Amino acid sequence: MRRSHTIWQSGGRKLLVSAAGFALLALPVARAQGNKPEQTPSADPKPQAETHITPEQAKALFRSVDELIKFASDDTGLPIKHEVKRTLTTRAAVEKYLSEKFDEDEDAKRMQRGEIVLKKFGLLDRDFNLKPFMLSLLKEQIAGYYDSKTKTVYMLDWIDPETQKPVLAHELTHALQDQHTDLEKWNDQTPSDLSHNATEDNDHLAKDELDTARTAALEGQAMAVFLDYSLKPSGRSIIKNPELLDQLQNQMQATDDSPVLSRAPLLLSESLLFPYKDGLSFEQDVWMDKGRQAAFAGVLDRPPSSSWEVINPRAYEQGKQSPILVLPDIHPLLNKTYKPYDIGQVGQLDLRILAQIFGGEAAARELTPAWDGGIYWAGQKISAKTPEELASTSSVALLYLSAWKSNASANSFARMYADELGRKYSGVKLDVADKAPSSQHGDEVIYSTNEGPVLITVRGKFVFVSESFDLVTARKLADLLIDGQGTGEMRTAGVTLPRPTLTESWVSFLHSCGMMKAAALH
């Protein structure tokens, strides 16, 4: 049941704080009370024509930028170093911008390339078509944006000024962040090329869950300003009234106002919401613990480096590093049959999404805190040549090693993963004929599927999964990866930074497009 608290009401509209602490921007009262469009009888089923703000409203909105950036500066302590350019744009121009960005943006390209791996993992359904769905989602969700390339904040001519002001406060916070640190250089830490040997593997792995964590830091700061601006008429703020966020956390959901988002895979909706929701919680915790300077300029100067630090802000405050696994040299085993396709970390955010998809909310709550690191590698068969073969998950083989804080958690994860193989494959059968003695290869189970064998091995606190590799190769990989981790400090040897994750390009791309309606409307 959705709950919300009225902050002010005017002219038949309410500004509400939703059950996640986000402002419901000037929603009509009937909609804010939860009436679904399809439940409201209408003599005219045709959609209403889109309205546009008047020239007088546009002038007032332009003038409000200076007032709003001053509010953002006062709230964050980030100084205004120069005036921010501003422009009013149309829906057609925004849709053109989004389409071009999808075709040109490096994160969008990585996201599209990684689609087949996400399907192999089971994070996306096999028949999901990324590009058209993503474009529809962006066109539905865009609420305003700041372009760090042109140093311009864009206002939308089809949304009334009072509704836009909190969004502008959010986007102008990004302008202040950009003036503090060059966001074009600060944001993109992701290598775009593939790795082909062990050295390149670990160099590649060393460079990127940074983007996910930095995106959450930026959006968390901007959401703090958004919420403080929305709460201002009531005299409240996320620091004066921290219980507001505590009380209403974890209630952010897709809404009737976002029909495309309501149909989105969990991976996509969680990637969209994570920087807003978890980033805001991170920001509030740092602000409460360390003060405003540490929460804003301090976070920009020393940003979190993994989703683990965002989810665990006390670890960030203490300077603790995310759990790290290493990838030994697997190429002599695989290079004759497979070419490298993708590599990265299965971070804590990725694990939370995977556990929620496979096991539901209870599994996600149990397993997310128990996560202690994860890496994956995907290779594509050299024999795959045709477009159809290259686009099929059957052309990809996957290995995944996860570490856990206890043997019990490792076994719980392995059981959950095995139980959900039918979500990804047909013809899933337990294979007892090929099972090796447990003393030789650990506690392993083998399944046959329409895309080859799946091997799941539990050894202490490690769970190794091989999908579509032959069993001889899979067991060699299990030994190589598990034995290669060592114990204690050996787990961090040679790797000093977090790695790219399954969701990194999704999070980065979605939030590079601008503020999404889901963060403002409930």
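The following refers to the structure shown. (Residues numbered from 1 in each chain as written. Predicted model: local features only at pLDDT ≥ 70, side-chain atom pairs only at ≥ 80, totals over all residues. Heavy atoms only, no water.)

### Quick look at the side chain of arginine 86
Rules: Runs of E in the DSSP output that reach at least two residues are strands. Runs of H or I that reach at least four are helices, and both are numbered from the N terminus. Residue exposure (1.4 Å probe, protein chains only): buried if accessible area is under 20% of the type maximum, exposed if over 50%, otherwise partly exposed. Each polar contact in these results corresponds to two N or O atoms within 3.5 Å; when the atoms are within protein, one needs to be able to donate a hydrogen and the other to accept it, and residues that are neighboring in sequence are counted only if both atoms are side-chain atoms. Whether two residues are in contact is decided by their heavy atoms, any of which lying within 4.5 Å being enough.
By the element assignment, arginine 86 lies in strand S4 (residues 85-89). Judged by relative accessible area, arginine 86 falls into the buried class, the value being 17%. Of note is the side chain of arginine 86, whose polar atom sits 3.1 Å from the backbone oxygen of phenylalanine 62. In this structure the side chain of arginine 86 is engaged in a polar contact, spanning 3.1 Å, whose partner is the backbone oxygen of valine 84. Discounting residues that sit within four places of it in the chain, arginine 86 has contacts with Phe62, Val65, Asp66, Thr152, Val153 and Met155.

### With respect to the packing of aromatic side chains
Note the following rule: Two rings from Phe, Tyr or Trp (for Trp, the six-membered ring) form a pair when their centres are within 6.5 Å of each other. A pair whose planes differ by under 30 degrees is stacked, one over 60 is edge-to-face, and the rest are tilted. Criterion for a charge above a ring: Arg CZ or Lys NZ at most 6 Å from the ring centre, at most 35 degrees from the ring normal.
Overall, the coordinates contain 14 aromatic pairs when judged by the stated rule. Taking NZ or CZ as reference, arginine 214 lies 4.9 Å from the ring centre of tryptophan 186, over its face.

### What to know about the pattern of salt bridges
As a reminder of what qualifies: Here a salt bridge means any side-chain nitrogen of Lys or Arg lying within 4 Å of a carboxyl oxygen belonging to Asp or Glu.
Taken as a whole and judged by the stated rule, the model has 22 salt bridges. In this structure, the salt-bridge partner of lysine 109 is glutamate 106, at a minimum N-O distance of 3.6 Å. Of this pair, lysine 109 and glutamate 106 both sit in helix H4 (residues 106-113), three residues apart, which is roughly one turn of the helix. The residue aspartate 289 makes a salt bridge to arginine 314 at a minimum N-O spacing of 2.9 Å. Taken together, the positions of aspartate 289 in helix H13 (residues 266-290) and arginine 314 in helix H16 (residues 313-317) put the pair 25 residues apart, joining distant regions of the chain. The partly exposed category is assigned to aspartate 289, whose relative accessible area is 36%.

### Some remarks on the sheet that holds strand S7 (residues 338-345)
Applicable threshold: One bridge is not enough; two strands pair if DSSP finds at least two bridges between them. Interaxial angle, 0 to 180 degrees, is taken between N-to-C directions of lines fitted to C-alpha atoms, where a helix line uses only the stretch in contact.
Strand order across the open sheet formed by seven strands is S7-S8-S9-S13-S12-S11-S10, with antiparallel pairing between neighbours. Because the sheet does not close on itself, it has two edges, and the strands there are S7 and strand S10 (429-430). Judged from the six bridges that link them, strand S12 (residues 454-459) and strand S13 (residues 462-467) form a sheet pairing that is antiparallel. For leucine 455, the partnering residue across the bridge sits in S13 and is serine 466. Running at roughly 150 degrees to S13, helix H22 (residues 471-484) makes contact with strand S8 (371-381), strand S9 (396-404), strand S11 (443-448), S12 and S13 of the sheet.

### What about the packing of helix H2 (residues 55-76) against helix H7 (residues 161-180)?
Put simply, the rule is: When describing relative orientation, an angle under 35 degrees is termed roughly parallel and one over 145 degrees roughly antiparallel, while 65 to 115 degrees is termed roughly perpendicular and anything else oblique. Note on convention: the crossing is left-handed when the near helix lies turned anticlockwise from the far helix by less than a right angle, right-handed when the turn is clockwise. When residue character is reported, Ala, Val, Leu, Ile, Met, Phe, Trp, Tyr, Cys and Pro are called nonpolar, Asp, Glu, Lys and Arg charged, and the others, Gly included, polar.
Relative to each other, H2 and H7 sit at 50 degrees, their axes nearing to 8 Å. Judged by the angle between their axes, H2 and H7 are oblique. Considering only the axes of H2 and H7, their crossing is right-handed. On H7, the residues that touch Gln57, Leu61, Ser64, Val65, Leu68, Ile69, Ala72, Ser73 and Thr76 of H2 are Pro161, Gln164, Lys165, Leu168, Ala169, Leu172, Thr173 and Leu176. Grouping the constituent residues of the contact of H2 with H7 by class yields ten nonpolar, six polar and one charged.

### Here's the deal with unusual backbone geometry
With phi around 55 degrees, lysine 151 is a residue other than glycine that occupies positive phi space. For lysine 151, the location among the structural elements is in the loop between strand S5 (142-147) and strand S6 (152-156). One non-glycine residue, serine 468, adopts positive backbone phi at about 85 degrees.

### Observations regarding the nonpolar core
As a reminder of what qualifies: The set of buried Ala, Val, Leu, Ile, Met, Phe, Trp, Tyr and Cys residues whose side-chain atoms join them within 4.5 Å is what this entry labels a nonpolar core.
Counting residues in each nonpolar core, the largest one holds 122 residues, and the members touching the most others are Phe121, Met134, Trp404, Phe413, Tyr417 and Val463. A total of eleven residues in this core trace back to one element, the largest contributor, which is helix H10 (residues 210-231). By size, the runner-up hydrophobic cluster in this structure holds 23 residues, among which are Ile330, Ala403, Phe464 and Phe469.

### A word on the pairing of S11
Side chains on a regular strand alternate between the two faces of the sheet. Across two bridges, the pairing between S10 and S11 is antiparallel. Bridge pairing in S11 places lysine 429 opposite serine 448. Direction of pairing for S11 relative to S12: antiparallel, over a ladder of five bridges. Looking at S12, one finds that glutamate 444 is bridged to threonine 457. Linking S11 to S12, which pair antiparallel, is a turn of five residues; within it glycine 452 sits at a positive phi near 105 degrees.

### A word on the side chain of aspartate 107
Of note, aspartate 107 is situated in helix H4. You can call aspartate 107 buried: its relative accessible area is 8%. Polar contacts involving the side chain of aspartate 107 include one to the side chain of arginine 110, which spans 2.5 Å.

### Points about helix H6 (residues 130-141)
The condition that has to hold: Take the residue count of a helix, subtract one, and multiply by 1.5 Å to get its expected span.
In this model, H6 (twelve residues) spans 16 Å end to end at C-alpha, consistent with the 16 Å of a helix rising 1.5 Å per residue. For H6, the full list of buried residues reads Leu130, Phe133, Met134, Leu135, Leu137, Leu138, Glu140 and Gln141.

### Concerning H2
To be explicit about the condition: To get the bend at a given residue, fit one axis to the seven residues ending there, fit another to the seven starting there, and take the angle between those axes.
For H2, with 22 residues, the first-to-last C-alpha span of 32 Å sits near the 32 Å given by 1.5 Å per residue. At valine 65, H2 shows its maximal bend, which comes to roughly 30 degrees. Tucked inside the fold, the buried residues of H2 contact S4, S6, H7, H10, H13 and helix H14 (292-301).

### Observations regarding the environment of serine 64
Its place among the elements puts serine 64 in helix H2. A relative accessible area of 4% places serine 64 in the buried class. For serine 64 and lysine 165, which are 101 residues apart along the polypeptide, the C-alpha to C-alpha distance reads 7.8 Å. Among the polar contacts listed, one links the side chain of serine 64 to the backbone oxygen of leucine 61, at a separation of 2.6 Å.

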